[in-house]
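In case you want the letters, here they are:
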Amino acid sequence: MTAYLTRRMLQAIAVLLLVTLIVFGLLKLAPGGAAAAVLGNGSTHQQFLLQYLTWLGRILHGDLGYSRRLNESVSYLLAASLPRTLALMGISTLIALAVAIPLGLVQAVRRGRAADHVLRGLAYVFYGTPTFVLGAVLVLFFAVDKHIFGAEGPQAPGIVGVVTDVRDLTLPVLTLALVTIATFARYMRSAALDSLAQEYVEAARARGAGERRVVAAHVLRNSLVPVVTLVGLSFPQIVGGAVVVESFFNIQGMGWQIWQAVLNHDFAVTLGFTLVIGIGAVVGSLLADLGYAVLDPRVRYAQR
Amino acid sequence: MMTNQAAGEGAPVRGSRGRHAGPAAAGQPVSVQRAELVGRVRRGLVACRAHPLVTAGGLVVIAMVAFCFLGPALYHTDQTHVFLSQANLSPRAGHPLGTDGDGVDELGRLMKGGQVSLEVGAAAGLLAAVLGSLWGATAGYLGGAVDGAMMRIVDAAIAIPAVVLLLLLVSIYRPSTAMLILVIAGTAWLGTARLVRAEALTLRVREYVQAARVMGSGNARVILRHIAPNALSTIVVNVSFQIANAILLLATVSWLGLGVQFPSVDLGDMIGAATQTISDGYWWQILAPGTAIIVIVVAFTMLGDGLRDGFSADG
């Protein structure tokens, strides 16, 4: 286990360094002297490696750059926008899990029957629906036509105000959750189908366990392991969805900030935020792998 | 997977028997030829029924391509001029899907936008699959430290959400159509690389690969002649998924205002323009292109799923 842990940690560090290298490479490619603006004019004649190390040193000291357009440090903008994005992503991911796990389970147990076909068809449609189309349809129906929910996300300055603004928060959360449910349910279905084919299910049935107990105690519990780790691995996709949802519903979170920064060529913000998201994703996938090893002893033994 | 297929077991392999029968059929009476044809059609129908997902997905893709590329020849609309007196008309006679904010007919616009979505999506999806396959096959075949380094690069690039990476790249490079294809492929190839690498890991220990190496084939030759072709079923399935993905990515950046640039238009653009006036409730401006995207993406996804099921059943 320790050897596996060490190896996985070292891998994650290598990947993190590569993420910083990619972001720095993009900074160097950015037009208008964006790199010089971040590094200072004296850096122009330095070697790439020296520039990179200077930049990396600043990142490690928590200096993510400075937005001249907004006259704020990137760290400040991050602190202001991160809670909104985390709230949006957290709530919708929890809802998505709560819906997708039973859905996937039902599909697997009733494989090939009407319920499975209907849910599979729905999963196709939701998978193929761009986030902004889903958001637009929900807004047209619930906000423009029926006036039940707001067409714009919560605009309260503090995170408490955002989370308690149910009227305005419902549609963004629903949009992000529905997009995620399709992916999660599909995964849960195949995980449950895998579990159903295992010998321990057969053994439980042979012992005389009822179908209900087989599904709840054996299939569900064993399929949850890969699904829970899937959450850690889907971090980039969920952030990608959040970018669109925040832009659509005008929620001033990280995704909205990135969009605005890209439109206004504010490279310090786009790259600073991209770096933070990349780090989040690497940590997410590391936690997913570690969680997998903790929850499933077979992984531990296999990796020794 | 593909190797067993050549033996012609299981599901009927179309064409293989017909080709052998070809020269002999020339001298046969018409009735035999007709029976041959009927038999071939019947075998085709059986194959279609055995793979409903492929059939449905394929038919819808063909229908959408026909709609977008042949449609304008049958349904003439003015897609260049602005008619403000005709702006935002709901569906009615003469404008079956209504008009947009510039008074341009929505159905005609759908064809024009669909062309760009399909062209860019197909090109970017194909490019991404080829790029990812080569990367994955090389990493998986070479193994060891090279594999480790190549796959860590993939891990790092996958950590950045595709939409964000795409936004960054289009803000650096002016988004012409060719550039959009390159940029979308450049963000989308990573998944394919992982898939094909896994496939290559199992292929590299096969006898024919070892035989090729013993006979002195270089790495490039083994990868291009043995690894990649034998991973072809995985790659073909992936092309279909990649096209669906590329169409979605293009629609997303266009919707965010950074994709296809005026006067060119894609389906995401149309929804982006309609989103600006969403509070006026012009539902047809969102539902028409929205449905078109969903239909195209679902068709390509079903095609990919069906092909995967088909390959794994045959193999």
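Residues numbered from 1 in each chain as written. Chains lettered and ligands numbered in written order. Predicted model: local features only at pLDDT ≥ 70, side-chain atom pairs only at ≥ 80, totals over all residues.

Visitor: Explain the overall build of chain B residue by residue, including any values.
Guide: Across its full length, chain B carries 13 helices and 0 strands. Counting only C-alpha atoms and orienting by the principal axes, one finds that chain B spans roughly 75 × 65 × 25 Å. A buried classification covers 45% of the 315 residues belonging to chain B. Within chain B, contacts between residues at least 6 apart in sequence are counted, and of these 74% link residues at least 24 apart. (Helix = DSSP H or I, 4+ residues; strand = E, 2+ residues; numbered from the N terminus. Buried ≥ 20, exposed ≤ 12 C-beta atoms within 10 Å, placed from the backbone. Contact = placed C-beta atoms within 7 Å.)

Visitor: Can you explain the overall build of chain A? Please cite residues and give values.
Guide: Scanning chain A from terminus to terminus reveals 14 helices and 2 strands. Here the C-alpha coordinates of chain A stretch approximately 75 × 60 × 30 Å along the principal axes. Taking all 304 residues of chain A together, 41% fall into the buried category. Taking the intrachain contacts of chain A between residues at least 6 apart in sequence as the baseline, contacts between residues at least 24 apart amount to 70%.

Visitor: Describe the interface of chain B and chain A, with residues and values.
Guide: The partner chain A presents 43 residues to the 37 residues of chain B that form the contact. Of all the elements in the fold, those that place two or more residues in the side of chain B that touches chain A are α6 (144-159), α7 (162-172), α11 (232-255), α12 (267-276) and α13 (283-314) of chain B. If one sorts the elements of the side of chain B that touches chain A by residue count, α13 of chain B sits on top with 9 residues. Here the side of chain B that touches chain A is composed, by residue class, of 27 nonpolar, 8 polar and 2 charged. (Nonpolar A, V, L, I, M, F, W, Y, C, P; charged D, E, K, R; others polar.)

Visitor: Explain helix α4 (residues 74-109) of chain A residue by residue, including any values.
Guide: In a regular helix each residue adds 1.5 Å, so 36 residues correspond to 52 Å; α4 of chain A covers 49 Å between its end C-alpha atoms and thus fits that length. A bend of about 35 degrees at Ser81 of chain A is the largest found in α4 of chain A, and the proline Pro83 of chain A appears one to four places after it. (Expected span 1.5 Å × (residues − 1). Bend = angle between axes of the 7 residues up to and from the residue.)

Visitor: Provide a residue-level description of the environment of Ile13 of chain A, including the pertinent values.
Guide: Residues and elements named next belong to chain A. For Ile13, the location among the structural elements is in helix α1 (residues 2-29). The exposure class of Ile13 is exposed, given the 12 C-beta atoms found within 10 Å. Between the alpha carbons of Ile13 and Ile279 there is a distance of 10.0 Å; along the sequence they are 266 residues apart.

Visitor: Give me the nonpolar core: which residues, what numbers.
Guide: Side chains that are nonpolar tend, in soluble globular proteins, to be buried together. Membership of the largest hydrophobic core comes to 173 residues, with the highest contact counts inside it found for Val19 of chain A together with Leu166, Leu167, Ile184 and Ile247 of chain B. The contact partners of Leu166 of chain B, leaving out residues within four places of it in the chain, are Val183, Ile184, Thr187, Leu249 and Val253 of chain B. (Core = buried A, V, L, I, M, F, W, Y, C linked by C-beta atoms within 7 Å.)

Visitor: Describe helix α5 (residues 106-142) of chain B, listing the residues and the values that go with them.
Guide: Residue and element names in this part refer to chain B. Over its 37 residues, α5 extends 52 Å from the first C-alpha to the last, a length consistent with the 54 Å expected when each residue adds 1.5 Å. The buried fraction of α5 amounts to 27 of the 37 residues, a majority that puts the element mostly inside the structure. Among the residues trailing α5, Gly143 stands out with phi positive, at a value near 65 degrees.

Visitor: Please set out the environment of Met188 of chain A residue by residue, giving values where relevant.
Guide: Residue and element names in this part refer to chain A. Here Met188 shows up in helix α8 (residues 166-196). Given 27 C-beta atoms within 10 Å, Met188 falls into the buried group. Sequence separation between Met188 and Pro130 is 58 residues, and the spatial gap between their C-alpha atoms is 22 Å. Once residues lying within four places of it in the same chain are set aside, the contact partners of Met188 are Ala100, Ile101, Gly104, Leu105, Ser223 and Val227.

Visitor: Would you mind going over unusual backbone geometry in detail, with residue names and values included?
Guide: Positive phi values are uncommon outside glycine, yet Asn250 of chain A reaches one of about 55 degrees. Of note, Asn250 of chain A is situated in the loop between α11 (235-249) and α12 (254-263). With a phi close to 55 degrees, Asn88 of chain B is a non-glycine residue in the positive phi region. Along the polypeptide, Asn88 of chain B turns up in the loop between α4 (52-74) and α5. The class of Asn88 of chain B is partly exposed, set by 18 C-beta atoms lying within 10 Å.

Visitor: I'd like a rundown of the packing of α11 of chain A against α7 of chain B, residues and numbers included.
Guide: Running from N to C, α11 of chain A and α7 of chain B point in directions that differ by 60 degrees, and their axes come no closer than 7 Å. Counting all contacts with α11 of chain A, which are made through Gly240, Val243 and Val244 of chain A, the residues of α7 of chain B involved are Ala162, Val163 and Val164 of chain B. Per-class residue counts for the contact of α11 of chain A with α7 of chain B are 5 nonpolar, 1 polar and no charged. (Axes fitted to C-alpha atoms, helices over the stretch in contact; angles between N-to-C directions.)

Visitor: I'd like a description of the confidence of the model for chain A, backed by residues and values.
Guide: Of the residues in chain A, 96% have a pLDDT of 70 or more, and the chain-wide mean is 84. Within chain A, no element has a lower average pLDDT than helix α14 (residues 297-302) of chain A, which sits at 69, and none a higher one than α4 of chain A, at 90. (pLDDT = per-residue confidence, 0-100.)

Visitor: Describe the confidence of the model for chain B, and please don't skip the residues or the numbers.
Guide: Residue and element names in this part refer to chain B. Averaged over every residue, the pLDDT of chain B is 83; residues scoring 70 or more account for 90%. When mean pLDDT is taken per element in chain B, α5 scores highest with 91 and helix α1 (residues 2-5) scores lowest with 41. Segment residues 1-25: pLDDT under 50, and 29 contacts once partners within four positions in sequence are set aside and those in other chains are kept. Across the interfaces of the predicted complex, the ipTM metric reaches 0.86, alongside a pTM of 0.85.

Visitor: Explain the environment of Phe235 of chain A residue by residue, including any values.
Guide: All names here are of chain A. Secondary-structure assignment places Phe235 in helix α11. The buried category is assigned to Phe235, around which 23 C-beta atoms lie within 10 Å. Sequence separation between Phe235 and Leu138 is 97 residues; the distance between their C-alpha atoms is 24 Å. Residues in contact with Phe235, not counting those within four places in the same chain, are Gly280, Ala281 and Gly284.

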